[in-house]
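# Residue-level structural notes
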Amino acid sequence: MKQEFSLEPLPLAGAFRIRHKVFADSRGMFKRIGCHQALLEAGVDAQPRQVNCSMTPQQGTVRGMHFQLPPAAEVKIVNCFNGALFDVLVDLRPDSDTFLHWYGERLTADSHTSLIIPKGFAHGFQALTDNVLMMYLNSTDYSPELEGGLHPQDPTLAIEWPLPVIGLSQKDAERAFIDNQFGGIVLAEHD
Ligand SMILES: Cc1cn([C@H]2C[C@H](O)[C@@H](COP(=O)(O)OP(=O)(O)O[C@H]3O[C@H](C)C(=O)[C@H](O)[C@H]3O)O2)c(=O)[nH]c1=O
(Lines give C-alpha, C1' and ligand atoms only; values in the text may rest on other atoms or scores of the structure.)
Protein backbone atom coordinates (compact mmCIF):
# COMPACT_ATOMS: atom_id res chain seq x y z
CA MET A 1 0.00 0.00 0.00
CA LYS A 2 1.35 3.47 -0.93
CA GLN A 3 2.28 4.96 2.42
CA GLU A 4 0.53 8.32 2.63
CA PHE A 5 1.66 8.92 6.17
CA SER A 6 4.51 7.56 8.24
CA LEU A 7 4.56 6.48 11.88
CA GLU A 8 7.39 7.68 14.13
CA PRO A 9 7.77 6.04 17.58
CA LEU A 10 7.50 8.34 20.59
CA PRO A 11 9.64 7.84 23.73
CA LEU A 12 6.77 5.97 25.46
CA ALA A 13 6.46 2.49 23.90
CA GLY A 14 3.34 2.01 21.80
CA ALA A 15 2.77 5.72 21.20
CA PHE A 16 3.47 7.19 17.76
CA ARG A 17 3.52 10.40 15.79
CA ILE A 18 1.77 10.21 12.42
CA ARG A 19 3.47 12.42 9.86
CA HIS A 20 0.95 13.24 7.15
CA LYS A 21 1.85 13.36 3.47
CA VAL A 22 0.49 16.67 2.19
CA PHE A 23 -0.69 16.92 -1.43
CA ALA A 24 -0.55 20.65 -2.20
CA ASP A 25 -1.74 22.31 -5.38
CA SER A 26 -3.19 25.63 -6.54
CA ARG A 27 -6.47 24.83 -4.69
CA GLY A 28 -4.79 24.24 -1.33
CA MET A 29 -3.90 20.88 0.19
CA PHE A 30 -5.19 17.33 0.68
CA LYS A 31 -3.93 14.78 3.17
CA ARG A 32 -5.00 11.53 4.74
CA ILE A 33 -5.12 11.66 8.57
CA GLY A 34 -6.08 8.06 9.24
CA CYS A 35 -5.82 4.67 7.55
CA HIS A 36 -6.74 1.49 9.37
CA GLN A 37 -4.69 -0.77 7.08
CA ALA A 38 -1.53 1.36 7.34
CA LEU A 39 -1.90 1.49 11.12
CA LEU A 40 -2.43 -2.29 11.26
CA GLU A 41 0.74 -2.78 9.23
CA ALA A 42 2.53 -0.74 11.90
CA GLY A 43 1.01 -2.88 14.65
CA VAL A 44 -1.56 -0.30 15.77
CA ASP A 45 -5.14 -1.62 15.94
CA ALA A 46 -7.08 1.64 16.08
CA GLN A 47 -10.23 1.31 14.02
CA PRO A 48 -12.22 4.47 14.91
CA ARG A 49 -15.51 3.77 16.71
CA GLN A 50 -16.19 7.41 17.58
CA VAL A 51 -14.89 10.77 16.38
CA ASN A 52 -14.91 13.73 18.78
CA CYS A 53 -13.88 17.35 18.62
CA SER A 54 -13.47 20.15 21.11
CA MET A 55 -13.03 23.91 20.71
CA THR A 56 -11.06 25.66 23.44
CA PRO A 57 -11.32 29.45 23.09
CA GLN A 58 -8.86 30.52 25.80
CA GLN A 59 -5.08 30.12 25.66
CA GLY A 60 -3.74 28.25 28.73
CA THR A 61 -6.81 26.06 29.26
CA VAL A 62 -6.02 22.41 30.09
CA ARG A 63 -8.36 19.50 29.37
CA GLY A 64 -7.38 16.17 30.95
CA MET A 65 -5.88 13.88 32.12
CA HIS A 66 -8.43 11.33 30.96
CA PHE A 67 -8.59 7.61 30.24
CA GLN A 68 -11.09 4.76 30.05
CA LEU A 69 -10.63 1.52 31.98
CA PRO A 70 -10.86 -1.92 30.40
CA PRO A 71 -12.87 -3.25 28.65
CA ALA A 72 -13.37 0.29 27.27
CA ALA A 73 -9.65 1.15 27.20
CA GLU A 74 -9.12 3.13 24.03
CA VAL A 75 -6.59 4.13 21.42
CA LYS A 76 -6.91 7.82 20.49
CA ILE A 77 -5.60 9.52 17.38
CA VAL A 78 -5.36 13.24 18.14
CA ASN A 79 -5.32 16.08 15.61
CA CYS A 80 -5.18 19.87 15.89
CA PHE A 81 -7.13 21.65 13.18
CA ASN A 82 -6.90 25.24 14.44
CA GLY A 83 -4.43 27.04 16.67
CA ALA A 84 -1.73 25.21 18.60
CA LEU A 85 -1.80 22.84 21.55
CA PHE A 86 0.60 20.95 23.81
CA ASP A 87 -0.57 17.34 23.81
CA VAL A 88 0.42 15.13 26.76
CA LEU A 89 0.20 11.39 27.33
CA VAL A 90 1.01 9.57 30.57
CA ASP A 91 1.97 5.89 30.69
CA LEU A 92 -0.31 4.19 33.22
CA ARG A 93 0.72 0.58 32.44
CA PRO A 94 2.08 -0.73 35.76
CA ASP A 95 4.40 -3.25 34.07
CA SER A 96 5.91 -0.61 31.77
CA ASP A 97 9.46 0.70 32.27
CA THR A 98 7.97 4.18 31.79
CA PHE A 99 5.07 3.80 34.25
CA LEU A 100 3.89 7.29 35.30
CA HIS A 101 6.25 8.95 32.81
CA TRP A 102 4.76 11.66 30.57
CA TYR A 103 5.57 12.90 27.11
CA GLY A 104 4.33 16.11 25.51
CA GLU A 105 4.43 17.48 22.00
CA ARG A 106 3.14 20.57 20.19
CA LEU A 107 0.49 19.99 17.54
CA THR A 108 -0.73 22.75 15.25
CA ALA A 109 -3.03 22.98 12.24
CA ASP A 110 0.10 23.25 10.06
CA SER A 111 2.32 20.66 11.78
CA HIS A 112 0.66 17.99 9.65
CA THR A 113 1.14 15.52 12.47
CA SER A 114 -1.19 13.53 14.70
CA LEU A 115 -0.40 11.56 17.85
CA ILE A 116 -1.46 7.99 18.59
CA ILE A 117 -2.26 7.54 22.28
CA PRO A 118 -2.31 3.81 23.10
CA LYS A 119 -4.56 1.98 25.54
CA GLY A 120 -3.36 2.28 29.12
CA PHE A 121 -2.45 5.96 28.83
CA ALA A 122 -3.99 9.12 30.25
CA HIS A 123 -4.35 11.97 27.76
CA GLY A 124 -4.76 15.71 28.00
CA PHE A 125 -3.67 18.95 26.37
CA GLN A 126 -3.11 22.63 26.95
CA ALA A 127 -4.28 25.30 24.48
CA LEU A 128 -1.18 27.26 23.44
CA THR A 129 -3.27 29.77 21.50
CA ASP A 130 -6.88 30.93 21.59
CA ASN A 131 -9.47 28.97 19.60
CA VAL A 132 -7.85 25.55 19.59
CA LEU A 133 -9.84 22.99 17.61
CA MET A 134 -8.97 19.40 18.47
CA MET A 135 -10.40 16.40 16.63
CA TYR A 136 -9.70 12.87 17.80
CA LEU A 137 -10.64 9.36 16.80
CA ASN A 138 -11.47 6.86 19.55
CA SER A 139 -11.17 3.09 19.11
CA THR A 140 -13.90 2.30 21.69
CA ASP A 141 -17.31 3.72 22.60
CA TYR A 142 -17.60 6.42 25.24
CA SER A 143 -18.17 4.65 28.57
CA PRO A 144 -18.58 7.20 31.38
CA GLU A 145 -18.92 4.41 33.94
CA LEU A 146 -15.37 3.33 33.00
CA GLU A 147 -13.89 6.82 32.72
CA GLY A 148 -11.01 7.76 35.00
CA GLY A 149 -8.68 10.71 35.29
CA LEU A 150 -5.65 12.24 36.95
CA HIS A 151 -5.11 15.81 38.06
CA PRO A 152 -3.16 17.69 35.37
CA GLN A 153 -1.01 19.26 38.11
CA ASP A 154 -0.39 16.04 40.03
CA PRO A 155 3.06 16.43 41.67
CA THR A 156 3.86 12.76 41.03
CA LEU A 157 3.46 13.29 37.28
CA ALA A 158 5.12 16.76 37.35
CA ILE A 159 3.90 17.59 33.84
CA GLU A 160 5.71 20.69 32.58
CA TRP A 161 2.85 22.64 31.02
CA PRO A 162 4.23 25.43 28.79
CA LEU A 163 1.80 28.06 30.13
CA PRO A 164 0.18 28.67 33.54
CA VAL A 165 -2.69 26.18 33.82
CA ILE A 166 -6.15 27.73 33.71
CA GLY A 167 -9.73 26.68 32.98
CA LEU A 168 -9.81 23.19 34.51
CA SER A 169 -13.24 21.61 34.57
CA GLN A 170 -14.63 20.89 38.03
CA LYS A 171 -14.20 17.18 37.31
CA ASP A 172 -10.51 17.62 36.48
CA ALA A 173 -9.77 20.12 39.27
CA GLU A 174 -11.25 17.76 41.89
CA ARG A 175 -9.15 14.71 40.89
CA ALA A 176 -7.24 13.29 43.87
CA PHE A 177 -3.44 13.20 43.54
CA ILE A 178 -1.80 9.82 42.96
CA ASP A 179 -0.83 7.97 46.13
CA ASN A 180 1.34 4.89 46.65
CA GLN A 181 -1.74 2.70 46.23
CA PHE A 182 -2.27 3.81 42.62
CA GLY A 183 -2.14 0.70 40.42
CA GLY A 184 -2.47 2.26 36.99
CA ILE A 185 -4.42 0.57 34.18
CA VAL A 186 -3.98 -3.20 33.99
CA LEU A 187 -4.65 -4.34 30.42
CA ALA A 188 -5.52 -7.96 29.66
CA GLU A 189 -4.31 -9.63 26.45
CA HIS A 190 -7.68 -9.11 24.75
CA ASP A 191 -8.11 -5.45 25.84
C1 LIG B 1 -15.44 12.20 25.73
C2 LIG B 1 -16.93 12.39 25.71
C3 LIG B 1 -17.56 13.31 26.53
N4 LIG B 1 -18.92 13.45 26.47
C5 LIG B 1 -19.56 14.46 27.32
C6 LIG B 1 -19.22 14.37 28.80
C7 LIG B 1 -19.25 15.80 29.25
O8 LIG B 1 -20.58 16.16 29.62
C9 LIG B 1 -18.87 16.59 28.02
C10 LIG B 1 -17.43 17.05 28.05
O11 LIG B 1 -16.64 15.90 28.33
P12 LIG B 1 -15.19 16.12 28.93
O13 LIG B 1 -15.25 17.10 30.05
O14 LIG B 1 -14.62 14.74 29.22
O15 LIG B 1 -14.42 16.76 27.70
P16 LIG B 1 -12.86 17.11 27.68
O17 LIG B 1 -12.42 17.64 28.99
O18 LIG B 1 -12.64 17.88 26.44
O19 LIG B 1 -12.14 15.69 27.54
C20 LIG B 1 -11.93 15.13 26.28
O21 LIG B 1 -10.70 15.58 25.84
C22 LIG B 1 -9.61 15.04 26.58
C23 LIG B 1 -8.34 15.72 26.16
C24 LIG B 1 -9.58 13.57 26.40
O25 LIG B 1 -8.56 12.93 26.11
C26 LIG B 1 -10.85 12.86 26.62
O27 LIG B 1 -10.88 11.72 25.77
C28 LIG B 1 -12.11 13.62 26.42
O29 LIG B 1 -12.91 13.34 27.55
O30 LIG B 1 -19.07 15.72 26.90
C31 LIG B 1 -19.70 12.70 25.64
O32 LIG B 1 -20.95 12.84 25.63
N33 LIG B 1 -19.10 11.76 24.84
C34 LIG B 1 -17.74 11.58 24.84
O35 LIG B 1 -17.24 10.72 24.07
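Predicted model, so just to flag it, every value in this text is computed and none were measured.

Criteria and cut-off values
For every chain, the first residue of the written sequence is number 1, and numbering continues from 1 onward in sequence order. Totals for whole chains, interfaces and linings use all residues, but because this is a predicted model, local features are given only for residues with pLDDT of at least 70 and pairs of side-chain atoms are given and counted only at 80 or more. As a rule here, side-chain values come from all non-hydrogen atoms in the structure, and water together with hydrogens is ignored. Values of pLDDT, which run from 0 to 100, indicate the predictor's confidence residue by residue. Strands qualify as paired when DSSP identifies two bridges or more between them. Working definition: helices are DSSP H or I runs of at least four residues, strands are E runs of at least two. Numbering for both runs from the N terminus. Interaxial angles span 0 to 180 degrees and are taken between N-to-C directions of axes, which are lines fitted to C-alpha atoms, for helices over the stretch in contact. When a residue's accessible area, from a 1.4 Å probe over protein chains only, is under 20% of the maximum for its type it is buried; when over 50% it is exposed; and in between it is partly exposed. In what follows, a contact means two residues having at least one pair of non-hydrogen atoms within 4.5 Å. Any residue with a heavy atom lying within 4 Å of a molecule or strand is counted as near it. Counted as a polar contact is a pair of N or O atoms within 3.5 Å, where, for protein atoms, one must be capable of donating a hydrogen and the other of accepting one, and residues adjacent in sequence contribute only when both atoms are in side chains. For accessible areas, the Shrake-Rupley method is used with a probe of radius 1.4 Å. Any residue's cover is judged against the shown protein chains and nothing else. Using a grid of 1 Å spacing that covers the protein atoms alone, one calls a set of points a cavity when a 1.4 Å probe fits there but cannot get out, and a pocket when the set is open and has protein on both sides within 12 Å along at least five of seven lines; lining residues are those with an atom within 4 Å of a point. A molecule is said to be in a cavity or pocket once over half of its atoms fall within 2 Å of that pocket's grid points. Here the term charged refers only to Asp, Glu, Lys and Arg, the term nonpolar to Ala, Val, Leu, Ile, Met, Phe, Trp, Tyr, Cys and Pro, and the term polar to all other amino acids, Gly among them.

## Let's talk about the confidence of the model for the chain
- Confidence in the prediction of the chain, expressed as mean pLDDT, is 94, and 98% of residues score 70 or more.
- Across the whole predicted complex the pTM is 0.95, and at the interface the ipTM reaches 0.96.

## Quick look at the sheet that holds strand β12 (residues 132-138)
- Ordered in space as β1-β2-β10-β7-β12-β5, the six strands form an open sheet in which the pairing is antiparallel. The open sheet has two edge strands, β1 (5-9) and β5 (50-56), and neither has a second partner. Neighbour-to-neighbour, the strand axes of this sheet turn through a mean angle of 25°, independent of strand direction.
- The sheet contact formed by strand β2 (residues 16-20) and strand β10 (residues 113-117) spans four bridges and is antiparallel. From the neighbouring strand, arginine 17 faces β10, where its bridge partner is leucine 115.

## Topic: the side chain of lysine 76
- Looking at where lysine 76 falls in the secondary structure, it is placed in strand β7 (residues 76-82).
- Judged by relative accessible area, which is 7%, lysine 76 ranks as buried.
- Sequence-distant contacts of lysine 76, that is, excluding residues within four places in its chain, are made with His66, Leu115, Ile116, Ile117, His123, Tyr136, Leu137 and Asn138.

## A closer look at the site of the ligand
- For the ligand, the full set of nearby residues is Asn52, Arg63, His66, Lys76, His123, Phe125, Tyr136, Tyr142, Glu147 and Lys171.
- Within the side chain of lysine 76, a nitrogen or oxygen atom sits 2.9 Å from an oxygen atom of the ligand.
- In the model, an oxygen atom of the ligand is placed 2.9 Å from a nitrogen or oxygen of the lysine 171 side chain.
- Across the complex, the protein chains shield 65% of the 650 Å² of accessible surface that the ligand would expose by itself.
- With respect to the detected pockets, the ligand is housed in the largest pocket.
- Elements supplying a minimum of two residues to the shell around the ligand: β6 (62-68) and β11 (121-127).
- Here the shell around the ligand is built from residues that sort into three nonpolar, three polar and four charged.

## Brief notes about the sheet that holds β6
- Spatial ordering of the open sheet is given by β9-β8-β11-β6-β13, a layout of five strands whose pairing is antiparallel. Each edge of the open sheet carries a strand with a single partner, namely β9 (102-108) and β13 (147-149). Across the sheet, the axes of successive neighbouring strands diverge by a mean angle of 25°, strand direction being ignored.
- Across seven bridges, the pairing between strand β8 (residues 84-91) and β9 is antiparallel. Among the inter-strand pairings, valine 90 is bridged to a residue of β9, identified as tryptophan 102.

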